[in-house]
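In case you want the letters, here they are:
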Amino acid sequence: MSNEGRILSAQDRTSDFGSAGSRRVLRAGRIPAVIYGKSNAQPIHITLDAKEFTLKMRHFTDTTLLTINVGDKTYECLMKDYQDDLLHDQIKHVDFYQVTRGQKLRTEISIKLTGNPVGARDGGVLDQVMYQVEIEALPKNLPDMLVLDISDMELNTVRHLSDIKLPEGVEILDDLNKTVASCRSVKEEVVATPAATDATAAATTATAAAPAAGAAPAAAAPATDKAKQ
């Protein structure tokens, strides 16, 4: 993403709070938002241009470092949450977390697999079992995602967190032996042979025909009138 795509223009929101006020802000083509963080004693209330934010936010990840310009002030933030109205296709509110330069952050980051594994071409099935991991880094070193190249992954092998090439200054805060992806051969279904099927059917028929243990013998059929004569 270009640096321009990480910059948002905002305005101070000093009034028009509450549900009714938020609706008026939205009707004016803006989005209510808040900036909070360790350096802020109180949350900073702002509004964003709805068109600009909606266009840019599709490229944001949990670790995209954003620059928010509010008048003559600048805040470096991560987007932490947002509320949307799916019925009206509208973003209703956004939460930003202000970072502090020189202070490391801990956050979740996505893991992306890249490449076509050798094992898949040999009939194997690729399975990604881990999609996110917690990392620690300075704000300036935060990547948008971690990338794991699986091009040389052979059949019946796995890749671990330790196989990810980390950007400079990034540390994974999890067990590096955890599996991220595997490439396994497809299990073949066992098909019963005709002989086995016939034997199973015969055993089933025999079981059904045999009387239950302890059952009384069947009563003899009543004599016909011809036999009585």
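1. Considering the overall build of the protein chain
Right, so step 1: Helices and strands together make up the secondary structure of the protein chain, namely five helices and 13 strands.
Right, so step 2: Buried positions account for 32% of the 229 residues belonging to the protein chain.
Right, so step 3: For the protein chain, the proportion of contacts with a sequence separation of at least 24, taken over those separated by at least 6, is 63%.

2. Description of the packing of aromatic side chains
Geometrically, a pair of aromatic rings is defined through the distance of the ring centres and the angle of the planes.
Right, so step 1: According to the stated counting rule, one finds three aromatic pairs in the structure shown.
Right, so step 2: Arranged with centres 5.8 Å apart and planes meeting at 70°, the rings of Tyr36 and Tyr97 form a pair that is edge-to-face. Here Tyr36, found in strand E2 (residues 30-36), pairs with Tyr97, found in strand E6 (residues 90-98); they are 61 residues apart in sequence, far enough to count as distant.
Right, so step 3: Here Tyr36 falls in the partly exposed class, since its relative accessible area comes to 33%.
Right, so step 4: A relative accessible area of 18% places Tyr97 in the buried class.

3. Considerations on the pairing of strand E7 (residues 105-114)
Right, so step 1: Where E7 meets strand E9 (residues 132-137), six bridges bridge the pair, whose relative direction is antiparallel. For Leu105, the partnering residue across the bridge sits in E9 and is Ala137.
Right, so step 2: The pairing of E7 with strand E10 (residues 146-149) spans four bridges and is classified as parallel. In the sheet register, Lys112 faces E10, and the bridge partner there is Val147.

4. Here's the deal with the sheet that holds E7
Right, so step 1: Spatial ordering of the open sheet is given by E10-E7-E9-E12, a layout of four strands whose pairing is mixed. Since the sheet does not close on itself, it has two edges, and those belong to E10 and strand E12 (171-172), each with one partner.
Right, so step 2: Note: E9 against E12, two bridges, orientation antiparallel. Looking at the pairing, Glu136 lines up with Glu171 of E12.

5. Concerning the pattern of salt bridges
Right, so step 1: The final tally for this structure, using the stated rule, is six salt bridges.
Right, so step 2: With a shortest N-O distance of 2.7 Å, Arg101 and Glu76 are connected by a salt bridge. Of this pair, Arg101 sits in the loop between E6 and E7 while Glu76 sits in strand E5 (residues 73-85); the two residues are 25 residues apart in sequence, bridging distant segments of the chain.
Right, so step 3: Across the pair Arg106 and Glu136 runs a salt bridge whose closest N-O atoms are separated by 3.1 Å. With a gap of 30 residues between them, Arg106 in strand E7 and Glu136 in strand E9 connect regions that are remote in the sequence.
Right, so step 4: Residue classification places Arg106 among the exposed positions, given a relative accessible area of 57%.

Thresholds, definitions, all that
Residues numbered from 1 in each chain as written. Predicted model: local features only at pLDDT ≥ 70, side-chain atom pairs only at ≥ 80, totals over all residues. Heavy atoms only, no water. Helix = DSSP H or I, 4+ residues; strand = E, 2+ residues; numbered from the N terminus. Buried < 20%, exposed > 50% of the residue type's maximum accessible area, 1.4 Å probe, protein only. Contact = heavy atoms within 4.5 Å. Phe/Tyr/Trp six-rings, centres within 6.5 Å; stacked < 30°, edge-to-face > 60°. Pairing = 2+ DSSP bridges. Salt bridge = Lys/Arg side-chain N within 4 Å of Asp/Glu carboxyl O.

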